[in-house]
Amino acid sequence: MTAGPVLELDAVTKRYPAQPPVIALDEVSFEVARGELVAIVGPSGSGKSTLLHVMGTLDRPSEGTVRISGFDVSQLNDRELAGLRATEIGFIFQQFFLAEHASALENVGDGLLYTGAPAAVRHAAAAEALDSVGLAQRARFRPPQLSGGERQRVAIARALVGHPAIILADEPTGNLDSATGKTILDLLDELNRAGATILVITHDHEIADRMPRQVELRDGRIVADSGVAPSGQMMRAAREPLVR
Amino acid sequence: MSASDDHPAAVAALTAHPNGGPAVGHLRSADMLRIASIGLRTRRVRAALSALGIAIGVAAIVAVLGLSASSSANLLTEISRLGTNLLEVTNGQTLFGQTAELPEAAPAMIRRIGPVESVASTGSTSASVYRSRLIPAINTNGLSVDAASTGLPGVVGSHVIAGSYLNAATETEPVAVLGWQAAQLLGIDRIYPGERIWLGGTWFYVAGILSAATLAPEIDSSVLVGFTAAERYLGFDGHPTTIYLRAQNNAVNAVHNVLAATADPETPSNVDVSNPSAALQARADAQSALNGLFLGLGAVSLLVGAVGVANIMVISVLERRSEIGLRRALGATRGHIRAQFLSEAVLLSLVGGAVGIGLGVIATAIYASAKHEPVVIPASAWAGGLGAAIAIGAIAGLLPALRAARLSPTDALRTV
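Every value quoted in this text rests on a predicted model; they were computed, and no experiment measured them.

Draft legend 1. View of unusual backbone geometry. Residues and elements named next belong to chain A. Of note, the amide linkage connecting glutamine 19 to proline 20 takes the cis form, showing an omega dihedral of -10°. Position of proline 20 among the secondary structure elements: in the loop between β1 (7-16) and β2 (22-32). One non-glycine residue, phenylalanine 97, lies in positive phi territory at about 55°. For phenylalanine 97, a count of 22 C-beta atoms within 10 Å translates into the label buried. A positive phi angle is found at glutamate 171, which is not glycine, with a value near 45°. As for its position among the elements, glutamate 171 is in the loop between β7 (166-170) and α6 (178-193).

Below is the structure:
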């Protein structure tokens, strides 16, 4: 893969059929380069969730182009999109969405489930990913035995276990107290410095202000973009291994 | 590919898109089996209850087929032990609907047929039999008194369980032998010297008791006396009413064909010829026909079980929306989601089916061993039960699985 942008949105519009039609996204355009840490910030109802779904290929735009790792999403069928999600995109959700009956290690390993990787490979990668979020000691614990912050760390490990091109985090601290939330943001920061491309969606300007780049969304439009950080820096970071 | 380069093993499993597109999502079958069993492992009581309907249905089917196969097998063993070469000649009816008479010479004539090995005969008398003189005349117990030839037990496959059978000496004297049922009804279970019964207005001495004659059950409820004694004491006319004979095994049909004409050359149409073991065989077959009803009940139970499984799967899909959404986000295709829930339904029914087969086999084993029958579970019973369970799971799981697969990932991820 050449060094093009990891994520490109070009005049993306999402309309929901209603009377009158609801325009959730209105000609949204921006790019995320490899190694960036971007915050998309906006009040509720600004189209953040729709944007996340469109960027994550869980939903298709009504108009406009979405490219992930150079692949035009509109050219791909359901199976190919699923393959793209399995390999190129990692999701972090506000509600963690962990399987309660499975250990932290198995939950993280599930991040590679639909890549067809054999169980041994998934286990090794999961152990590594858990280590990188500082939960190596909790590998055998099940989610109910973990604190909220630890659960979100497991979910983060699951998102990065397959070394995706981009990690999409939807209000990653929304279910956590502020102190725990801060440690999660520190972790995302650390992972970004280790080379991961991360896009955080939040309604909280305080969180967004910690990020090198902020994209502000209001009523489905981008009203401000603090711009891309110096690219040379990020390219160097991307070449370093994500997990040591 | 991009950041995955430092993790070649994970990526190697994916097949690259032929047109240079992204890799296509792929799930190993072992993993599919594992995630299909999540619902069963995490909601055990619910899974057990919904599998119960299937289990009961399959158990009913297996048990019904097993029980009938066991008792048929028992009957067939009995038949082959008793031999299939017994033929029975009875007096039929004349053209005018009256009871016909077999000629007195018929047994002797039949004995002259080449492949006939042995012949015995009985002739019914009009006498009644009582335990003593004090029994009211109407209490006959439905017992008949028959004249019988001396070789009878050997020919019909019965034997003496107490005392002895009629012989050349006792055949002419007031001596009786009891069929096993007649002995029960008269209240006689052992033989001691001087034991008498009141038979046709005379005291007859009891010589012995016969075992059950499966091929000639009419003998069981008879009191047998010698032909000579019957003529002398009971006013018997000497005409046999039933002739039993054993033919050589390979000549049973040939003998069967000539019996009527041999027994009564003048009016062969007055003679009925039958093969009692064939009748038993037919009874064994007829038993399976009766099973239709119980199989129907099993099928209804299976249907109810199927509705239960479908119901539980619909609820499961509703409850696990966020899991479905997460799986789609992790790279599951619609096909993966469909296969997961379909496999879960099949697995659920399969567990029910396996438990049902176990229960059915246990029920058959208990019942058959209580009746001293061999335990026979026909392959069609357990294979059919298992097949039915799989089919039911597939049918019951289809609609919920399709619904789960149709669910859009964004709807699935939206928390309620």
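There's more to say after this.
Draft legend 2. Structural view of the sheet that holds strand β6 (residues 89-92) of chain A. Residues and elements named next belong to chain A. Read from one edge of the open sheet, six strands run β6-β7-β8-β3-β9-β10, paired in mixed fashion. A strand with exactly one partner marks an edge of an open sheet, and here the two such strands are β6 and β10 (221-225). Across the sheet, the axes of successive neighbouring strands diverge by a mean angle of 20°, strand direction being ignored. Taken together, the five bridges between strand β3 (residues 37-41) and strand β8 (residues 198-202) define a ladder with parallel strand orientation. Looking at the pairing, valine 41 lines up with threonine 202 of β8.

Draft legend 3. A look at the pairing of β7(A). All names here are of chain A. The element β7 is extensively covered by neighbouring structure, given that five of its five residues are classed as buried. Side chains of β7 alternate between two faces, with Ile166, Leu168 and Asp170 and Ile167 and Ala169 buried alike. Judged from the four bridges that link them, β6 and β7 form a sheet pairing that is parallel. Note that in β7 the partner of glycine 90 across the bridge is isoleucine 167. Looking at chain direction, β7 and β8 are connected through four bridges and run parallel. Bridge pairing in β8 places isoleucine 167 opposite isoleucine 198. Between β7 and its parallel partner β8, the chain crosses via α6, and the hand of that crossover is right-handed.

Draft legend 4. Representation of the pairing of strand β9 (residues 213-218) of chain A. Residue and element names in this part refer to chain A. Bridge count for β3 against β9 is four bridges, and the pairing is parallel. When the bridges of β9 are listed, alanine 39 appears paired with glutamine 214. As paired elements, β9 and β10 share four bridges and run antiparallel to each other. If you follow glutamate 216 over to β10, its bridge partner there is alanine 224. Hairpin connection of β9 to β10: two residues between the antiparallel strands, including aspartate 219 at a positive phi of 50°.

Draft legend 5. Quick look at the domain arrangement of chain B. When the domains of chain B are assigned, the result is domain 1 (27-77 + 288-413) and domain 2 (84-281). Here the C-alpha centroids of domain 1 of chain B and domain 2 of chain B sit 56 Å apart.

Draft legend 6. Expanded view of the nonpolar core. Of all hydrophobic cores here, the largest spans 126 residues; its most connected members are A:Ala157, B:Val62 and B:Val309. In terms of residue count, the dominant contributor to this core is helix α4 (residues 44-82) of chain B (15 residues). Excluding anything up to four places from it in sequence, B:Val62 contacts B:Gly356, B:Ile357, B:Gly360, B:Val361, B:Ile377, B:Ala381, B:Trp382 and B:Gly385. Ranked by size, the runner-up nonpolar core spans 55 residues in total, among them B:Ala106, B:Leu210, B:Ile219 and B:Ala229.

Draft legend 7. Spotlight on the confidence of the model for chain A. The pLDDT averaged across chain A works out to 89; a share of 92% of its residues lies at or above 70. Confidence drops under a pLDDT of 50 for residues 230-244 of chain A, and excluding neighbours within four residues, the segment shows 28 contacts in the predicted structure.

Draft legend 8. Just the packing of helix α2 (residues 29-36) of chain B against helix α12 (residues 334-370) of chain B, in detail. Residues and elements named next belong to chain B. In contact at an axis separation of 8 Å, α2 and α12 are set at 65° when each is read in the N-to-C sense. As for how α2 packs across α12, the hand of that crossing is right-handed. Contacts between α2 and α12 involve Met32, Ile35 and Ala36 from the first element and Ala339, Gln340, Ser343, Glu344 and Leu347 from the second. Taken together, the residues of the contact of α2 with α12 sort by class into five nonpolar, two polar and one charged.

Draft legend 9. A look at the environment of B:Val62. All names here are of chain B. Assignment of secondary structure puts valine 62 in helix α4. What makes valine 62 buried here is the crowd of 28 C-beta atoms within 10 Å. For valine 62 and glycine 384, which are 322 residues apart along the polypeptide, the C-alpha to C-alpha distance reads 8.6 Å.

What counts and what doesn't
Residues numbered from 1 in each chain as written. Chains lettered and ligands numbered in written order. Predicted model: local features only at pLDDT ≥ 70, side-chain atom pairs only at ≥ 80, totals over all residues. Helix = DSSP H or I, 4+ residues; strand = E, 2+ residues; numbered from the N terminus. Buried ≥ 20, exposed ≤ 12 C-beta atoms within 10 Å, placed from the backbone. Pairing = 2+ DSSP bridges. Axes fitted to C-alpha atoms, helices over the stretch in contact; angles between N-to-C directions. Right-handed = clockwise from strand over helix to strand, strands pointing away. Domains from an automatic or database assignment. Core = buried A, V, L, I, M, F, W, Y, C linked by C-beta atoms within 7 Å. Contact = placed C-beta atoms within 7 Å. pLDDT = per-residue confidence, 0-100. Left-handed = near helix turned anticlockwise from the far one by under 90°. Nonpolar A, V, L, I, M, F, W, Y, C, P; charged D, E, K, R; others polar.

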